[in-house]
Amino acid sequence: MSFIFGGQRPQPSKDEKFAMLDMEFETSTDIFTRMMGSCMKKCVLQNNKNFVEGELNKGESVCLDRCVAKFLASQQLMQKKMEEASKNGGGMMGM
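In this report, the structure presented in the accompanying data block is examined. Keep in mind that this is a model prediction, so the values were computed, not measured. (Residues numbered from 1 in each chain as written. Predicted model: local features only at pLDDT ≥ 70, side-chain atom pairs only at ≥ 80, totals over all residues. Heavy atoms only, no water.)

Overview of the overall build of the chain
Assigned secondary structure in the chain consists of two helices and zero strands. When the 95 residues of the chain are sorted by exposure, 11% land in the buried category. Residue pairs in contact within the chain that sit at least 24 positions apart in sequence constitute 40% of those at least 6 positions apart. Total accessible area on the chain stands at roughly 8400 Å², and carbon and sulfur atoms take up 58% of it. (Helix = DSSP H or I, 4+ residues; strand = E, 2+ residues; numbered from the N terminus. Buried < 20%, exposed > 50% of the residue type's maximum accessible area, 1.4 Å probe, protein only. Contact = heavy atoms within 4.5 Å. Areas by Shrake-Rupley, 256 points an atom, 1.4 Å probe, with all protein chains shown as cover.)

Quick look at the structure:
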């Protein structure tokens, strides 16, 4: 009997769990890489192409903080929208 009709949802196997963890790790790594590339380009490389100073100045630091916060907020919003679309069974077409 299917879990839709009151049965138990099948539990993922050990290999399936590792595959899901691997996919989550790859996704997180991709998001981090894109975020750092985008924010570094916007906040640091645009103003200082020679890296004369060894440390970030205050403006660069504030810019990076804001950029990372906005990037992560947008990723969370996108994930929420995708989950809602998935629950509604329509995919992303309704966006």
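Digging into the state of the cysteines
Scanning all chains against the criterion turns up two disulfides. At a sulfur-sulfur separation of 2.0 Å, the disulfide partner of Cys39 is Cys67. Every disulfide takes its handedness from the sign of the S-S torsion; for Cys39 and Cys67 that torsion is -85°, giving left-handed. Here the residue Cys39 occupies a position in helix α1 (residues 14-45), and Cys67 occupies one in helix α2 (residues 58-87), the gap between them amounting to 28 residues. We classify Cys67 as buried; its relative accessible area is 11%. The disulfide partner of Cys43 is Cys63, and the gap between their sulfur atoms is 2.0 Å. Taking the torsion about the sulfur-sulfur bond, which here is approximately -70°, the covalent link between Cys43 and Cys63 counts as left-handed. Of this pair, Cys43 sits in helix α1 while Cys63 sits in helix α2; the two residues are 20 residues apart in sequence, bridging distant segments of the chain. Residue class for Cys43 comes out buried when judged on its relative accessible area of 1%. Disulfides within the chain link the bonded cysteines, taken in sequence order, as 1-4, 2-3. (Disulfide = S-S within 2.5 Å.)

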